[in-house]
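Commentary on secondary and tertiary structure
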Amino acid sequence: IKNLTKMKAKQEKATELNAIKQQSVRALVDETNPGKSAEELLAMYDDKEDDLIKNLTKMKMKQEKTAELKASKRESVRALVDETNPGKSAEELLAMYDDKEDDLIKNL
């Protein structure tokens, strides 16, 4: 009976841990939008949820870094527009040079 009790407790703990991992995956999928649903990814990474969480966390960090870099470039453009007065507002130029902020900074 003692062994059965231990085995049952171990299974319950594993089930609880699996539920926590699935919840983490769903949260990361919501934040990163990887192109597949959480259910599809969980099915693909069955019994490899730790790898999936690691990959989604890397993706999230990369997306955050990219967003910070883009925000920094946009601030640089605004500062340069204030200094140079090129005839268009910073927002107009940023809209025209979306994802080409480096070219815009170089030209200002």
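Here the structure is shown first, and the text comes after it.
As the structure is a prediction and not an experimental result, all values here were calculated from the model. (Residues numbered from 1 in each chain as written. Predicted model: local features only at pLDDT ≥ 70, side-chain atom pairs only at ≥ 80, totals over all residues. Heavy atoms only, no water.)

Phi angles above zero are rare outside glycine, and Asp-47 is one such case at about 65 degrees. Here Asp-47 is to be found in the loop between helix H2 (38–44) and helix H3 (49–84). At Asp-99, a position not held by glycine, the phi torsion is positive, near 65 degrees. Relative to the helices and strands, Asp-99 is located in the loop between helix H4 (90–96) and helix H5 (101–107). For Asp-99, a relative accessible area of 59% translates into the label exposed. (Helix = DSSP H or I, 4+ residues; strand = E, 2+ residues; numbered from the N terminus. Buried < 20%, exposed > 50% of the residue type's maximum accessible area, 1.4 Å probe, protein only.)

Now for the packing of helix H1 (residues 2–32) against H3. One can describe the packing of H1 onto H3 by two numbers: an axis separation of 10 Å at closest approach and a directional angle of 25 degrees. Considered as vectors, H1 and H3 are oriented roughly parallel to each other. The way H1 lies across H3 gives a crossing that is left-handed. Listed contacts from H3 to Asn-18, Lys-21, Ser-24, Val-25, Leu-28, Val-29, Glu-31 and Thr-32 of H1 are Glu-49, Asp-50, Leu-52, Ile-53, Leu-56, Thr-57, Met-59, Lys-60 and Gln-63. Residue composition of the contact of H1 with H3, grouped by class: seven nonpolar, five polar and five charged. (Axes fitted to C-alpha atoms, helices over the stretch in contact; angles between N-to-C directions. Parallel < 35°, antiparallel > 145°, perpendicular 65-115°, else oblique. Left-handed = near helix turned anticlockwise from the far one by under 90°. Contact = heavy atoms within 4.5 Å. Nonpolar A, V, L, I, M, F, W, Y, C, P; charged D, E, K, R; others polar.)

This part takes up the pattern of salt bridges. Under the definition given, this model contains 10 salt bridges. The salt bridge partner of Arg-78 is Glu-91, with a shortest N-O separation of 2.9 Å. With Arg-78 in helix H3 and Glu-91 in helix H4, this pair connects stretches of sequence that are 13 residues apart. By relative accessible area, which is 24% here, Arg-78 ends up partly exposed. Judged by its relative accessible area of 42%, Glu-91 is partly exposed. Each of Lys-70, Arg-74, Asp-98, Asp-99 and Glu-101 takes part in one network of salt bridges that share partners. (Salt bridge = Lys/Arg side-chain N within 4 Å of Asp/Glu carboxyl O.)

The terminal C-alpha atoms of H3, which comprises 36 residues, lie 52 Å apart, in line with the 52 Å expected from a rise of 1.5 Å per residue. Listed in full, the buried residues belonging to H3 are Glu-49, Leu-52, Ile-53, Leu-56, Val-77 and Val-81. Tucked inside the fold, the buried residues of H3 contact H1, H2, H4 and H5. (Expected span 1.5 Å × (residues − 1).)

For the rest of this paragraph, the subject is H1. Spanning 31 residues, H1 covers 45 Å between terminal C-alpha atoms, matching the ideal 45 Å at 1.5 Å per step. Within H1 the residues assigned to the buried category are Lys-21, Val-25, Leu-28, Val-29 and Thr-32. The inward-facing, buried residues of H1 abut H2 and H3. Once H1 finishes, Asn-33 follows within two positions and takes phi at roughly 50 degrees, a positive value.

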